[in-house]
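Inside the fold
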Amino acid sequence: SVGWNERKEIVEGLVLMRRGENPSVVLEGIHQQVENLNRTILPEGMKLEVFQDRSTLVDQSLGTVHENLLHGFVLVVGIVWLFLRSVTGSLAVAIIIPLSLLAAFFGLHAMGLPANLISMGAIDFGILVDGAVVLIENVLHAVRQQRPSTRRDTLQVIIRASLEVVRPAFFAMLIIIAALVPVFTLESVEGRIFRPLALTYTYALVGALIFTLTIVPALCAFLFKANVKLADEPAWMERMKTRYQSLLSRVVNRGALTMAVAVLLLAVSALAATRIGTE
């Protein structure tokens, strides 16, 4: 026979997962209790067999997160190198990704939230490295144009180029974070599903901003030596810049028309979204 204390322990170990519990921790406890039942409590010849184990789903979800993060990292680094044509600059940008994820992990841990497929699987690395790419591109452009000959001149060029983009990078990140504010107002099931994603993005963006304004300039100062030789930008990149500058000047000169077209597109998108929601 099984005593009351043993029965209570078994029930507590096999209880269904409650809201707010970590599935990995609960499943580990269930596995331990099932093993304990089979080894010490059940009579000889009797054994509990697992019919459905949620650990498989958890492992698959974690595998998906790891795969998405790895592929996203490689893709972002490759594209950054393609446009910057600098291994040093690409590495300085790439370091923002793990540091930003580390900031997100710390933030989630402080709030007692686990990292899962919903909170981590949909992170866009392009948003995280946006400020770092702008800063590195401006530094590379300044170094190519001014060609500093001494270590001191190189540091001054890096400092000036970094300070030029601090304000735009800060407000760009701030706008993205502000766009996540409506997600925090969601309630019920929608809030429980999407709020962790918004929190993860916020922590990661704040971390990316801090590291972009501190770590990236420091890496540039450390890695770029005096008389550094940087590869010239390819011809197709110069052609793209020329066309972009021409298009941008036309758009700026027709500011009223551009704003009208943008409001119209936003209104059409809002009406389409409303129609889909009602259907």
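All values reported here derive from a predicted model rather than from experimental measurement. (Residues numbered from 1 in each chain as written. Predicted model: local features only at pLDDT ≥ 70, side-chain atom pairs only at ≥ 80, totals over all residues. Heavy atoms only, no water.)

A count of helical and extended segments in the chain gives 13 helices and 0 strands. Start at the N end of the chain and walk to the C end: the helices and strands fall as α-α-α-α-α-α-α-α-α-α-α-α-α. Buried residues in the chain amount to 29% of all 279 residues. Of the contacts made within the chain by residues no fewer than 6 positions apart, 73% connect residues no fewer than 24 positions apart. Accessible surface computed for the chain: about 18,500 Å², of which carbon and sulfur atoms make up 65%. (Helix = DSSP H or I, 4+ residues; strand = E, 2+ residues; numbered from the N terminus. Buried < 20%, exposed > 50% of the residue type's maximum accessible area, 1.4 Å probe, protein only. Contact = heavy atoms within 4.5 Å. Areas by Shrake-Rupley, 256 points an atom, 1.4 Å probe, with all protein chains shown as cover.)

Right, let's talk about the packing of helix α4 (residues 87-94) against helix α8 (residues 130-146) for a bit. Taken N-terminus to C-terminus, the directions of α4 and α8 make an angle of 155°; their axes are 9 Å apart at the nearest point. It follows that α4 is roughly antiparallel to α8 by the angle criterion. Crossing of α4 over α8 shows right-handed handedness. Every residue of α8 that contacts α4 at G89, A92 and V93 is listed here: A132, V133 and I136. For the contact of α4 with α8, the class distribution of residues is 5 nonpolar, 1 polar and no charged. (Axes fitted to C-alpha atoms, helices over the stretch in contact; angles between N-to-C directions. Parallel < 35°, antiparallel > 145°, perpendicular 65-115°, else oblique. Left-handed = near helix turned anticlockwise from the far one by under 90°. Nonpolar A, V, L, I, M, F, W, Y, C, P; charged D, E, K, R; others polar.)

By themselves, these are just geometric observations and shouldn't be taken as functional.
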